[in-house]
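Residue-level structural notes
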Amino acid sequence: MSLHDDAVLVLKGYPAREDGQAALRQTYLDHLAAHPDGMWKSCGAGHLTASALVVDPEHGRVLLTLHRKLGMWLQMGGHCEPQDTTLAAAALREATEESGIPGLSLLPGGPVTLDRHAIPAPCHWHLDVQYAALAPAGAEPAISDESLDLRWFPYDEVADVADASVVRLLERTRAAL
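Residues numbered from 1 in each chain as written. Predicted model: local features only at pLDDT ≥ 70, side-chain atom pairs only at ≥ 80, totals over all residues. Heavy atoms only, no water.

Considering the overall build of the protein
Going by this rule: Starting at the N terminus, helices and strands are each numbered in turn, a helix being any DSSP run of H or I of at least four residues and a strand any DSSP run of E of at least two. As a reference, a globule follows 2.2 Å times the number of residues to the power 0.38, and the radius of gyration itself is taken over C-alpha atoms. Note on exposure labels: buried denotes an accessible area under 20% of the residue type's maximum, exposed denotes more than 50%, and partly exposed covers the range between, all computed with a 1.4 Å probe on protein chains only. We call two residues in contact when some of their heavy atoms are within 4.5 Å. Only the protein chains shown count as cover for residues, with accessible areas throughout obtained via the Shrake-Rupley method and a probe of 1.4 Å.
For the protein, the count of helices and strands is 5 helices and 8 strands. The C-alpha radius of gyration of the protein comes to 15 Å, within 12% of the 16 Å expected for a compact globule of 177 residues. If one aligns the C-alpha atoms of the protein with their principal axes, the spans along those axes are about 45 × 35 × 30 Å. Taking all 177 residues of the protein together, the buried fraction comes to 49%. Once local pairs closer than 6 in sequence are excluded, the contacts in the protein between residues at least 24 apart make up 65%. Counting every atom, the protein has about 8400 Å² of accessible surface; 55% of that belongs to carbon and sulfur.

Below, the structure written as structure tokens:
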């Protein structure tokens, strides 16, 4: 099965939500139907990305990265790579690479939420499929080349440093926990 096929299956199985998630899911599915290359950065009309919010439920905190290019506190994530066999694998790979934490595990149940956001040309959209990753006990992050900083934030401080999409991802993650 291709990554494109996996993405279609994941999205078809993603539960509709009352807050526009069903319409967004359909936008993603329509995009993939119209763009066989819709998983890849080279797709000029936009592409799917995979991300994961790294959480430490025992200590009530999340790990955010200060994105090198955007200068914003965000969850770990990014572009799918040819070696990724599933969206979940892409999200876990990105979270592991960017956090430096081995032994992360995705929260069961598939994606936590979807978020579509504009990006500069030549691409136009990131259609992000967002998961949650559980940090193992005693996890120590290590900054990658893609980050200016990594920091644990208590749940109640995330809204002070991150944008609405990260806050929404945290809220849905906490509900899924």
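A word on the side chain of Asp149
Going by this rule: For the purposes of these results, a polar contact is taken to be a pair of N or O atoms within 3.5 Å, where, inside protein, one atom must be able to donate a hydrogen and its partner to accept one; residues adjacent in sequence count only when each atom of the pair is a side-chain atom.
As for its placement among the helices and strands, Asp149 is situated in strand β8 (residues 147-154). Of note is the side chain of Asp149, whose polar atom sits 2.8 Å from the side chain of Arg151. Residues in contact with Asp149, not counting those within four places in the same chain, are Leu64, Thr65, Leu66, Trp73 and Ile143.

Remarks on the layout of surface pockets
What counts, and what does not: Here the term cavity refers to a set of points on a 1 Å grid, laid over the protein atoms alone, in which a 1.4 Å probe fits but cannot get out; the term pocket refers to an open set having protein on both sides within 12 Å along at least five of seven lines, with lining residues being those that place an atom within 4 Å of a point. Grid points are joined across faces, edges and corners, and a volume is the space filled by probe spheres set on the points. Gly counts as polar in this scheme, as do all residues outside two lists: the nonpolar Ala, Val, Leu, Ile, Met, Phe, Trp, Tyr, Cys and Pro, and the charged Asp, Glu, Lys and Arg.
Taken as a whole, the largest pocket spans an internal volume of roughly 920 Å³. Lining the largest pocket are 33 residues; nearest its centre among them are His67, Leu70, His79, Ile119 and His126. Of all elements in the fold, only β1 (47-56), β2 (61-67), β4 (76-79), α3 (87-99), β6 (113-118) and β7 (125-134) reach the threshold of two or more residues within the lining of the largest pocket. Broken down by element, the residue count for the lining of the largest pocket peaks at 4 residues, all from β4. The residue makeup of the lining of the largest pocket, split by class, is 10 nonpolar, 12 polar and 11 charged.

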